[in-house]
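# Summary of structural features
Single-letter residue listing:
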Number of protein chains: 2
Amino acid sequence: MPVFRYAQYCPLARAAEVVGERWTILIVRDLLLGPKRFSDLKRSLGGVSASVLSERLGRLEERDVIARSEVAPPTPATLYILTSSGRRLLPVVLELARWGTAMLGAREPNDHFEPEWLRLGCATFARKGPTPACTIAVRVAGAEQAGFLLVGGESGTEVRAGDQFADAAIILAADAPMTLFALASGGLSIAQATASGVIAVEGDVAALEVLPELLDMAPAETEPHPPQQGV
Amino acid sequence: MPVFRYAQYCPLARAAEVVGERWTILIVRDLLLGPKRFSDLKRSLGGVSASVLSERLGRLEERDVIARSEVAPPTPATLYILTSSGRRLLPVVLELARWGTAMLGAREPNDHFEPEWLRLGCATFARKGPTPACTIAVRVAGAEQAGFLLVGGESGTEVRAGDQFADAAIILAADAPMTLFALASGGLSIAQATASGVIAVEGDVAALEVLPELLDMAPAETEPHPPQQGV
DNA sequence: CCGCATCCGTTTCGATACTG
DNA sequence: CAGTATCGAAACGGATGCGG
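Presented here is an overview of the structure given in this document. In this text, all values refer to a predicted model and were calculated from it rather than measured experimentally. Throughout this document, residue positions are counted from 1 along each chain, in the order its sequence is written. Chain letters and ligand numbers both follow the written order, the letters beginning at A and the numbers at 1. Given that this is a predicted model, residues contribute local features only at a pLDDT of at least 70 and side-chain atom pairs are listed and counted only at 80 or more, while totals for whole chains, interfaces and linings are drawn from all residues.

For the rest of this paragraph, the subject is the overall build of chain A. Numbering of helices and strands runs from the N terminus; a helix is a DSSP stretch of H or I covering at least four residues, while a strand is a stretch of E covering at least two. Along its length, chain A carries 10 helices and seven strands. For chain A, the spread of C-alpha atoms along the three principal axes comes to 60 × 60 × 40 Å.

As a further point, take the nonpolar core. By size, the foremost hydrophobic cluster in this structure holds 125 residues, and its most contacted members are Leu12 and Val93 of chain A together with Leu12 and Val93 of chain B. Any two residues are considered in contact once their C-beta atoms, placed from the backbone, lie within 7 Å. Aside from chain neighbours lying at most four places away, what touches leucine 12 of chain B is Ile25, Leu26, Arg29, Val93, Leu96, Ala97 and Gly100 of chain A. The term nonpolar core means buried Ala, Val, Leu, Ile, Met, Phe, Trp, Tyr and Cys residues held together as one set by C-beta atoms within 7 Å. Residues with at least 20 other C-beta atoms within 10 Å of their own are called buried, those with 12 or fewer are called exposed, and the rest are partly exposed. The C-beta atoms themselves are positioned from the backbone.

Turning our attention to the relation of the copies chain B and chain A. C-alpha atoms of residues with pLDDT of at least 70 in both copies form the basis for the least-squares superposition of the copies. In the superposition of chain B on chain A (RMSD 0.1 Å, axial shift 0.0 Å), the rotation amounts to 180 degrees. Within this description, the copies of the chain are treated as partners about a two-fold rotation axis. Take the interface residues of chain B: 100% of them recur as interface residues in chain A, which is what a same-surface contact looks like.

Let's shift gears to the packing of helix 6 (residues 90-101) of chain A against helix 6 (residues 90-101) of chain B. Angular values range over 0 to 180 degrees, each being the angle between N-to-C directions of two axes fitted as lines to C-alpha atoms, with helices fitted over their stretch in contact. Here helix 6 of chain A crosses helix 6 of chain B at 160 degrees, and the two axes come no closer than 9 Å. When the axes of helix 6 of chain A and helix 6 of chain B are compared, the pair comes out roughly antiparallel. For the pair helix 6 of chain A and helix 6 of chain B, the crossing hand works out as left-handed. Facing Pro91, Val92, Glu95, Leu96 and Trp99 of chain A of helix 6 of chain A, the residues of helix 6 of chain B in contact are Pro91, Val92, Glu95, Leu96 and Trp99 of chain B. Of the residues belonging to the contact of helix 6 of chain A with helix 6 of chain B, the class tally is eight nonpolar, no polar and two charged. For classification purposes, an angle smaller than 35 degrees is called roughly parallel, one larger than 145 roughly antiparallel, one from 65 to 115 roughly perpendicular, and anything else oblique. Each crossing is labelled by how the near helix is turned from the far one, with a counterclockwise turn of less than a right angle marking it left-handed and a clockwise turn marking it right-handed. When residues are grouped by polarity, Ala, Val, Leu, Ile, Met, Phe, Trp, Tyr, Cys and Pro land in nonpolar, Asp, Glu, Lys and Arg in charged, and all others, Gly among them, in polar.

With that settled, consider the protein's contact with DNA strand D. We call a residue near a molecule or strand when the C-beta position, derived from backbone atoms, sits within 6 Å of it. DNA strand D sits among 18 residues. The nearest are Arg37, Ser39, Ala50 and Ser54 of chain A together with Ser49 of chain B. Of all the secondary-structure elements, those providing two or more residues to the surface near DNA strand D are helix 3 (38-45), helix 4 (50-62) and strand 2 (77-82) of chain A together with helix 4 (50-62) of chain B.

Turning next to the protein's contact with DNA strand C. Every one of the 19 residues lining DNA strand C counts as a neighbour, but Ser49 of chain A together with Phe38, Ala50, Ser51 and Ser54 of chain B are closest to it. Among the elements of the structure, helix 4 of chain A together with helix 3 (38-45), helix 4 and strand 2 (77-82) of chain B are those that each provide at least two residues to the surface near DNA strand C. Take the surface near DNA strand C: its biggest share by element is four residues, from helix 4 of chain B. Considering only residue class, the surface near DNA strand C consists of nine nonpolar, seven polar and three charged.

This part is about the interface of chain B and chain A. At the interface, 65 residues of chain B touch 65 residues of chain A. Breaking the side of chain B that touches chain A down by element, the ones donating at least two residues are helix 1 (11-19), helix 2 (24-32), strand 2, helix 5 (84-87), helix 6 and helix 7 (117-125) of chain B. Residue composition of the side of chain B that touches chain A, grouped by class: 38 nonpolar, 18 polar and nine charged.

With nine of nine residues buried, helix 7 (residues 117-125) of chain A is to be regarded as a mostly interior element. For helix 7 of chain A, every residue scored as buried is listed here: Trp117, Leu118, Arg119, Leu120, Gly121, Cys122, Ala123, Thr124 and Phe125 of chain A.

The next point concerns the packing of helix 6 of chain A against helix 7 of chain A. The axes of two packed helices give the description: the angle between them and the distance between them. All names here are of chain A. Where helix 6 meets helix 7, the axes come as close as 9 Å, and the angle between the chain directions of the two elements is 90 degrees. Here helix 6 lies roughly perpendicular to helix 7, going by the angle between them. Where helix 6 abuts helix 7, its residues Leu94, Ala97, Arg98 and Thr101 lie against Leu120, Gly121, Ala123 and Thr124. Looking at the contact of helix 6 with helix 7 residue by residue, the class counts come to four nonpolar, three polar and one charged.

This part is about the sheet that holds strand 4 (residues 148-151) of chain A. Residue and element names in this part refer to chain A. Read across the open sheet, the five strands follow the order 5-4-3-6-7; overall the sheet is mixed. At either end of the open sheet lies a strand with only one pairing partner, and these are strand 5 (158-161) and strand 7 (199-203). Strand-to-strand twist of the sheet, defined as the mean angle between neighbouring strand axes without regard to direction, takes the value 25 degrees. Both strand 6 (residues 170-174) and strand 7 contribute to a ladder of five bridges, which runs antiparallel. Within strand 7, the residue paired with alanine 173 across the bridge is alanine 200. What makes two strands pair is DSSP finding at least two bridges between them.

Written as structure tokens, this is what we have:
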């Protein structure tokens, strides 16, 4: 069983050996959102062959990124969960997702979409510094059962899974993921959005103005092609 | 020419399509450290076939991550440089490298090592918040011509390439990369290090105490295998 | 030399089928 | 449900060749 190895004494190369193969980082993404069974992953990844998924899971377990957790009968099952090492990949996944957002484009006909991913999408832009203490519940069409909370606070914005919508000052329902992000980036005004019906708000509509303060969609920019790169 | 595509509507998947193939992220790493020629990259990557390197460079250019820059005669050459999109991969590379550090281990006999990489290694741990205003020049054995400066300041620690060692309060010479990091993490005391000769210091030795304040080597920790993952 | 293009043996992937 | 087995297709690694 040949394990690929870059012959480089470099931490980046080591990381790439572990999570750099096809599908692997996407497996980590799905497990960051919660424990999953083999078939959950297979469906969510939309198109991995069972053999490759099996091989990846085995390798990730070897490298102590994930672990198996057997669920007791009555309904026995194997759950894959992240180890503490695996959970430390969250910043990596968020930075990569942030970078990838620019090239997301429109959804193609047979692009798979997993409602859960929205949580990660929001976490990608969660502001790190202090944000207004405010809780917004978010629900997106086509992802009704995967609502979540955006919770502002001293230590930054937190994305919380679950349906404790009673805790929220506002319940925001959007027609599509991009509507949410357009709203947060300021590209779409609340007035426009409500008027055109792409969002529906329950609660204090005015309080929705804080959304851009909870999510930092600022496009990181630099000048074109300077000779030196900053490191 | 078939371009691989994950059929997923997810920014992480898009990012993985662009930088997720073998060698690609390592190419970006090398270009983050400065413009490179084809043969520089080939040597630095230590083991890519020319065809694969060529294919990757072409693909990265298509995707606007890198660009070609022709150097004028007398010595014509093609330089590969990062575009602004490519430079925005720096946080990704740093987070991945940080994660990979845990599995770096000892250097194997035929592991390639590029002195420049040390700059990235330090940037990986550069503290983000305000740090003491202090400039430390660093030189590591085997990487003499790739010295750099660690510059503390209000906006965090900066890693600066070059040999303006005159600006530095201290010049630190270490026998190996890991010695530097052991020193920064506190695993090795300055007294021990100087006594055993693994480092040599010019200038105010006492000022070297700030090193752990410039570099944040704190091991991110969490409890073992909790059911929920935080996003 | 430098930047590839081509050829070829080996590895990896993807789709389908099959099993405990 | 959770994988293994199989097999053709694609990708990779190494060597060689070739124009600028």
